[in-house]
Every structure is written in C-alpha cells, then in structure tokens.
Amino acid sequence: MALARSTGRHRAPGRKTRTSAGFASAAALATTGVVGTLAGPALATDDGSFAADAGSVATPDGGVGTATTNSTDSTDGTTAGATPVTMDAAVTGSTIVQTARAQHTLTAQMLSAHSLSDEVADQAVIQKREALARMEAAAEARRKAEARANEIREAKERAAREAERQRLNAYRLPIVGSHVTTDYRAGGSQWSSGSHSGIDFHASTGTPVVAVGAGTVVEAGWGGAYGYNVVLKMNDGSYTQYGHLSSLSVSVGRSVMPGDQLGRAGSTGNSTGAHLHFEARTSADYGSDVNPLAYLRAHGVKI
C-alpha cells in the first residue's frame, strides 16, 4: 500500500514533476533567440503544479517525446493527472537550421553588396581622377597650342617688320636695267664746273625714273641747267638729285619709298640728248656732291 504524503500549496514538487519541468526548460532554452515564440513557458496552476504551454519538446536523447506536468490532488495526495504537451523536435531543429542558413545568406549578401558598393565608389573616384587628368591635359595642350600660335604670329610680325625695314633701307637703280654712259668727274666744256658732278644713265624720253631709296621730296621743278629735276632728302640724311626730266610725278613735301616714280626721263636743261643725270650729295647745296657709284654700292646696289 502506497503511503500518501500530505499535500499543500507550499509542498515541493515531486521528482517526476521536476524532471518534466527540466525538459520543458531545456527545450525553451534551445529555441531562445531563434524561434523563441515556438515554445511557451510552463504555467503554474492554482494548486501549485506547472503545466506546459501548447507545443512539443525534445527529449534528452533527441527523439520525439512528451513533456508532462503532474499535479497532486490537494486532498488525498494522489496525482491528479498529467497535462500532455507535444513538440516536434525535428521541425524545431529544421527551423533553427533554416533560420541560421537564412541569416548566413543575408550576411553574405550584405557583405557582397557592401563590397560592390565600395568597388563602385572606388571606380567613381578613379573615373573622376581620370576625367580631371584629361581636362588638365587638354588645358595644357591648349596652352601650348596658344603659346605656339603666339610664337608663330610674333615671328611673322618680326619677319614683316624686318622685311619692311629692309625695303625702307633698300636702294636700287634710278632706272631699272639701265647702265652708266658718263662717269663721275668726267671733264669737258659742257659742264660749267669743268667736270661732271654726277653720272648719266642711259634712257629714252619717257622712261620712268624712280627713287633710289626712301626719303622726302625737298625740290621738284625747274632747276636751270638741270632742266626739270627732283631732289630728295634720304632717310639717312643724304641727298639725291634726278635731272633733265621730261615730266614730274611728285611735289615738295611728299614722302617716297624705294622704287616710287618721280618723273620721266628727257633732255630738258643743259643736255645733248635724252638721259638721266643722277647725283648724290651730303647736303641740298650744289657742290656737296659725292661719287654716285660709291654711294649706290655702299647701299647694296650692284652696279
């Protein structure tokens, strides 16, 4: 005959009750943080016993078991009967594994997305730097091109100035393609001074007579024995004279350049035939003449 132990609200639970509660607690701990809502806590009954929430729990050997809570009748000390709670451990384990795999996959995807984001950001920085480098290279190329264009323009301007300077300083024959027929200082009674104060160039009447260099007209008109004549003050301070002209093309005060027409050859004044009388002087006064051949040659004229 079994002995009945007194029951009461403050009586310690029996070994079977403690074991059942332990299994329930283990099952609850196994699912904490993953599927915490799958197993509920044991609930205390009014008489001091515990009943598990709906669901199943795993047995210690990993099989499918039944968690029970026993209550002892408060009057006669007998067990009032167990309340069965069934939990499918296999389903719970599968859920835990699936959740872990899902978390692992999500973590991997997040890491991959972060890596891709970093790669895209790095690529954007590289592209920006490359674009900036291209812009700087293009700006440098434009600067060099502009500098080169300026150099070319300046060189052309210098060449043009030099050409103009040479043109202004260039000397030529007073009659193109002509030659000397009477030398400087030639003697004879036909000259009032007893000698020729210039040189004579062969020319027919009407042949253009041009300035041998750049200068200003200081005399243009009748010159006595010289007939119609033109006197130029050259840019270097010397003077040149053109006599026996048949007509004049310039007037006093006009600036002329090398090759500008002064008039046309003739035989006016003290002359025996059409020709050009050419003199070179150090001043505008008669008697300051110098050798015209030496004068022209000193200014680069081949004669």
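Within every chain, residues take consecutive numbers counted from 1 along the sequence as written. Where local features are concerned, this predicted model is filtered to residues with pLDDT of at least 70; where side-chain atom pairs are given and counted, the filter is 80 or more; whole-chain, interface and lining totals use all residues. The side-chain numbers reported here are obtained from all heavy atoms of the structure, hydrogens and water having been left aside.

Enquirer: Go over the environment of Ala203, please, and point to the residues and values.
Expert: For Ala203, the location among the structural elements is in the loop between strand E7 (199-202) and strand E8 (208-210). For each residue, the accessible area found with a 1.4 Å probe, counting protein chains only, is set against the maximum for its type, and the residue is called buried under 20%, exposed over 50%, and partly exposed in between. On the accessibility criterion, Ala203 (7% relative accessible area) is buried. The spacing of Ala203 and Arg264 is 61 residues in sequence and 9.4 Å in space, taken between C-alpha atoms. Strands here mean DSSP runs of E at least two residues long; helices mean DSSP runs of H or I at least four residues long; both are numbered from the N terminus.

Enquirer: Explain the side chain of Asp289 residue by residue, including any values.
Expert: Summarising the element assignment, Asp289 is placed in strand E15 (residues 289-290). A polar contact of 2.6 Å, which involves the side chain of Asp289, links it to the side chain of Tyr184. Distance and chemistry together define a polar contact, namely a pair of N or O atoms within 3.5 Å, with one atom able to donate a hydrogen and the other to accept it when in protein, and with adjacent residues in sequence counting only for side-chain atoms on both sides.

Enquirer: With reference to specific residues and values, describe the confidence of the model for the protein chain.
Expert: Note: pLDDT gives the predictor's confidence per residue, expressed from 0 to 100. Taken as a whole, the protein chain shows an average pLDDT of 79; of its residues, 70% reach a score of 70 or greater. With pLDDT under 50 throughout, residues 18-83 is counted as low confidence; its partners more than four residues away or in other chains account for 99 contacts. Contacts between residues were defined by any pair of non-hydrogen atoms, one from each residue, lying within 4.5 Å.

Enquirer: Account for the pairing of strand E14 (residues 275-281), naming residues and giving values.
Expert: Here E14 lies mainly inside the structure; seven of its seven residues are buried. Every second residue of E14 is oriented toward a common face, with His275, His277, Glu279 and Arg281 on one face and Leu276, Phe278 and Ala280 on the other, all of them buried. Here E7 pairs with E14 via four bridges, running antiparallel. From the neighbouring strand, Phe201 faces E14, where its bridge partner is Leu276. What makes two strands pair is DSSP finding at least two bridges between them.

Enquirer: Quick rundown of the pattern of salt bridges? Include the residues and the values.
Expert: Salt-bridge detection follows one rule: a side-chain nitrogen of Lys or Arg within 4 Å of a carboxyl oxygen of Asp or Glu. Under the defined criterion, the tally for this structure stands at five salt bridges. Its salt-bridge partner being Arg165, residue Glu162 comes within 2.5 Å of it at the nearest N-O pair. Separated by three residues within a single helix, Glu162 and Arg165 lie in helix H2 (residues 89-169), roughly one turn from each other. Assessed through its relative accessible area of 43%, Arg165 is described here as partly exposed. For Glu279, the salt bridge is made with Arg281, and the minimal N-O distance between the two is 3.1 Å. Glu279 gets classed as buried once you look at its relative accessible area, which sits at 1%. Here Arg281 falls in the buried class, since its relative accessible area comes to 7%.

Enquirer: Before we move on, could you go through the nonpolar core and cite the residues and values that matter?
Expert: Counting 27 residues, the largest nonpolar core has Phe201, Val230, Leu232, Tyr242 and Leu262 as its most contacted members. Of all elements in the fold, only E7, strand E10 (228-234), strand E11 (239-248), strand E13 (261-265), E14 and helix H3 (292-298) reach the threshold of two or more residues within this core. The nonpolar core is taken to be a set of buried Ala, Val, Leu, Ile, Met, Phe, Trp, Tyr and Cys residues, with the residues joined through side-chain atoms within 4.5 Å.

Enquirer: Describe the pairing of strand E9 (residues 215-222), with residues and values.
Expert: Inspection of the sheet shows E9 paired to E10 by seven bridges, in the antiparallel sense. Bridge assignment links Ala220 to a residue of E10, and that residue is Val230. Where E9 and strand E12 (residues 255-256) come together, two bridges link them in antiparallel fashion. Paired with Thr216 across the bridge in E12 is Ser255.

Enquirer: I'd like a rundown of a nonpolar patch on the surface, residues and numbers included.
Expert: In this analysis, a patch consists of residues with relative accessible area above 30% that form no salt bridge, clustered at 9 Å for like charges and at 5 Å for the nonpolar side chains Val, Leu, Ile, Met, Phe, Trp and Tyr. Per-residue accessibility takes into account occlusion by the displayed protein chains alone, with areas from the Shrake-Rupley method and a 1.4 Å probe. There is a patch of nonpolar side chains on the surface, built from Trp222, Tyr228 and Leu248 and spanning about 300 Å² of accessible area. Following the sequence through the fold, Leu248 ends up in strand E11.

Enquirer: Hey, could you go over unusual backbone geometry for me, with residue numbers and the actual values?
Expert: Not every positive phi belongs to a glycine, and Arg185 is a case in point at roughly 70°. Structurally, Arg185 can be placed in the loop between strand E6 (180-182) and E7. Since its relative accessible area comes to 48%, Arg185 is described here as partly exposed. Backbone geometry at His244 places phi at a positive 65°, although glycine is not the residue there. Inspection of the secondary structure puts His244 in strand E11.

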